[in-house]
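Results of the structural survey
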Amino acid sequence: MAKRLVSAGDYEQLLSKYDTWLFDCDGVLWQGDRLIDGVPQVLDLLRSRNKKIFFVTNNATKSRKNYKTKFDKLGIEAQVDEVFGSAYAAAVYISSIMKLPKEKKVYVIGMKGLEEELEEEGISHLGGTDPADNTLNEFHLKNFTPDPEVGAVLCGLDTSVNYTKLSKAFTYLRRNKDCAFLATNIDSTYPSAEGLLPGAGSISAPLQCALGRSPISIGKPAETMLDCIRAKYRFDPERTIMVGDRLNTDIEFGKRGSLATLLVLTGITHESEVVGPNASATVPDYFTDSLGDLRAAIP
Ligand SMILES: O=C(O)[C@H](O)[C@H](O)COP(=O)(O)O
Ligand SMILES: [Mg+2]
């Protein structure tokens, strides 16, 4: 049963109980570029109490460096090394887990930040922001010569997705059974400042439909990102809490990592999915309306 946090005492108890705080970004810190009220003050409070903070986002449109720029612009103290995004996790997965040979390439449906993380890991890529792929011209197979070195297709949130990119990715995957089908994440929707939009899962879904096969999804709830944090930092899972807005990614991710979980209602999930007759089977340990509520614990 999820415990709703209501009093200053409830928030103070959370602060005392957990030393490491993992924050989802979209729907928790912000909606699009609109900062959620009280977030900077709560993060400052945690830092003043010497808490370790990490940002763990499935949003693959930005690299860790891009996120540092966004944090700076929004007036939130954050270091690049505290940011773990699904773009970074995908690059690490391809280089260190899949061990894609260096001569092989990745066909990308995604944005600049994803390409930057692949480049940081020394992974060759094509597609993505290439102007030749970002066209609304008709696509004809007779005009397409697939690159024989493509060994994986990687799909992330791409606000410029089109038939050419989907057709090239489809052709790579259909013609080469050894070509890996990867997704940075499969979130169905994206919580923009003005409301929900199709998420990364809705970008790879057409390929899933056309191919009859699902991608390997690297972001939350998969443990890849937690493995990336574990590879760099030591933390006690019993004194670590994951704060998120989506039950089937953030809260499931926390549970799989044996972390405590706090759900906030400023993103995807509604209270009726947490308590009552229609509650989801994936129940957080705690929930509250907004991360900003923790200001109540500020002396
Ligand atoms: O569609 C997506 O990629 C996601 O909605 C998204 O961007 C989630 O980001 P997060 O909530 O993990 O920060
Ligand atoms: Mg979120």
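Residues numbered from 1 in each chain as written. Chains lettered and ligands numbered in written order. Predicted model: local features only at pLDDT ≥ 70, side-chain atom pairs only at ≥ 80, totals over all residues. Heavy atoms only, no water.

A word on the coordination of the magnesium ion (ligand 2). Coordination angles at a metal have ideal targets, namely 109.5 degrees for four tetrahedral donors and 90 or 180 degrees for six octahedral donors. For the magnesium ion (ligand 2), the protein coordination sphere consists of Asp24 (OD), Asp26 (O) and Asp245 (OD), at 2.0 to 2.1 Å. Sequence spacing of the donors to the magnesium ion (ligand 2): D-x1-D-x218-D. Within this pair, whereas aspartate 24 is found in the loop between strand E2 (20-23) and strand E3 (30-31), its partner aspartate 245 is found in the loop between strand E14 (240-244) and helix H9 (247-256), the two being separated by 221 residues in sequence. A single burial state applies to aspartate 24 and to aspartate 245, both of which are buried. (Donors = N, O, S within 2.8 Å, 3.2 Å for Na, K, Ca; no water. Helix = DSSP H or I, 4+ residues; strand = E, 2+ residues; numbered from the N terminus. Buried < 20%, exposed > 50% of the residue type's maximum accessible area, 1.4 Å probe, protein only.)

Within the structure, ligand 1 sits among 16 residues, and Asp24, Thr57, Asn58, Thr189 and Ala200 are positioned closest to it. Within the side chain of threonine 57, a nitrogen or oxygen atom sits 2.6 Å from an oxygen atom of ligand 1. One nitrogen or oxygen atom from the main chain of asparagine 58 is found 2.7 Å from an oxygen atom belonging to ligand 1. In terms of residue count, strand E11 (residues 189-192) provides more of the shell around ligand 1 than any other element does, 3 residues in total. Class assignment of the residues belonging to the shell around ligand 1 gives a composition of 5 nonpolar, 6 polar and 5 charged. Counting residues domain by domain, the shell around ligand 1 receives three or more from each of domain 1 (3-58 + 221-297) and domain 2 (88-217). (Near = heavy atom within 4 Å. Polar contact = N/O pair within 3.5 Å; in protein donor to acceptor, adjacent residues only side chain to side chain. Nonpolar A, V, L, I, M, F, W, Y, C, P; charged D, E, K, R; others polar. Domains from an automatic or database assignment.)

What follows deals with empty space enclosed by the protein. Under the defined criterion, the tally for this structure stands at 1 cavity of 30 Å³ or more. For the largest cavity, the calculated volume is near 170 Å³. Elements with a minimum of two residues in the lining of the largest cavity: E11 and H9. Broken down by element, the residue count for the lining of the largest cavity peaks at 3 residues, all from E11. Considering only residue class, the lining of the largest cavity consists of 5 nonpolar, 7 polar and 7 charged. Lining the lining of the largest cavity are residues from two domains, each supplying at least three of them: domain 1 (3-58 + 221-297) and domain 2 (88-217). (1 Å grid on protein atoms, 1.4 Å probe; cavity = no way out; pocket = protein on both sides within 12 Å on 5 of 7 lines; lining within 4 Å. Points joined across faces, edges and corners; volume = space filled by probe spheres on them.)

Moving on, we come to the pattern of salt bridges. Tallied over the entire structure, the rule returns 26 salt bridges. The salt bridge partner of arginine 295 is aspartate 37, with a shortest N-O separation of 3.6 Å. A residue pair is termed long-range when its members are at least 10 positions apart, and arginine 295 in the segment after strand E16 (286-288) and aspartate 37 in the loop between strand E4 (34-35) and helix H2 (39-48) qualify at 258 residues. The closest approach of N and O atoms between lysine 168 and aspartate 133, which form a salt bridge, is 3.2 Å. Here lysine 168 is found in helix H6 (residues 163-175), whereas its partner aspartate 133 is found in the loop between strand E8 (124-127) and strand E9 (150-155), with 35 residues between them in sequence. (Salt bridge = Lys/Arg side-chain N within 4 Å of Asp/Glu carboxyl O.)

Once the domains are mapped, the protein chain shows domain 1 (3-58 + 221-297) and domain 2 (88-217). If you average the C-alpha positions of domain 1 and of domain 2, the two centres end up 29 Å apart. Of the residues lining the interface, 15 residues belong to domain 1; the matching set on domain 2 comes to 14 residues. One salt bridge connects aspartate 187 with arginine 246, and the closest N-O pair in it is separated by 3.3 Å. At the surface where domain 1 touches domain 2, the tally comes to 6 residue pairs in polar contact (both at pLDDT 80 or more). Per-element accounting of the side of domain 1 that touches domain 2 gives the leading share, 4 residues, to helix H8 (residues 224-232). Of the residues contributing to the side of domain 1 that touches domain 2, the split by class is 4 nonpolar, 6 polar and 5 charged. (Contact = heavy atoms within 4.5 Å.)

Time to look at helix H3 (residues 64-73). Here H3 has its buried residues at Arg64, Tyr67, Lys70 and Phe71. Angularly, the buried residues of H3 cover 110° about the axis, an arc narrow enough to put them on a single face. Buried residues along H3 sit against E3, strand E5 (52-57), strand E6 (83-85), helix H4 (86-97), helix H5 (112-120) and H8. One or two steps after H3, the chain reaches glycine 75, where phi turns positive at roughly 70°. (Arc of directions from axis to C-beta.)

Another aspect to go through is the state of the cysteines. Across all of its chains, the model carries 0 disulfides by this definition. Looking at the unpaired cysteine 179, the closest cysteine sulfur is the one in cysteine 155, lying at 11 Å. Looking at cysteine 179, the relative accessible area reads 1%, which means it is buried. Just so you know, cysteine 209 is unpaired, no disulfide at all, and the nearest cysteine sulfur is the one on cysteine 155, 14 Å from it. (Disulfide = S-S within 2.5 Å.)

The feature "binding site: Mg(2+)" (unreviewed entry), as annotated in UniProt, sits at Asp24, Asp26 and Asp245 in this numbering. Taken along the chain, the residues just named run across 222 residues; in space they keep tight, none of their C-alpha pairs more than 8.0 Å apart. In the annotated set above, the residues contributing to the lining of the largest cavity are Asp24, Asp26 and Asp245. Residue contacts for aspartate 24: discarding those within four places in its chain leaves Leu29, Val56, Thr57, Lys220, Met242, Val243, Gly244, Asp245 and Asp250. At 2.7 Å, the side chain of aspartate 24 forms a polar contact with the side chain of lysine 220. (UniProt positions renumbered as here; feature names shortened; annotations may be inferred.)

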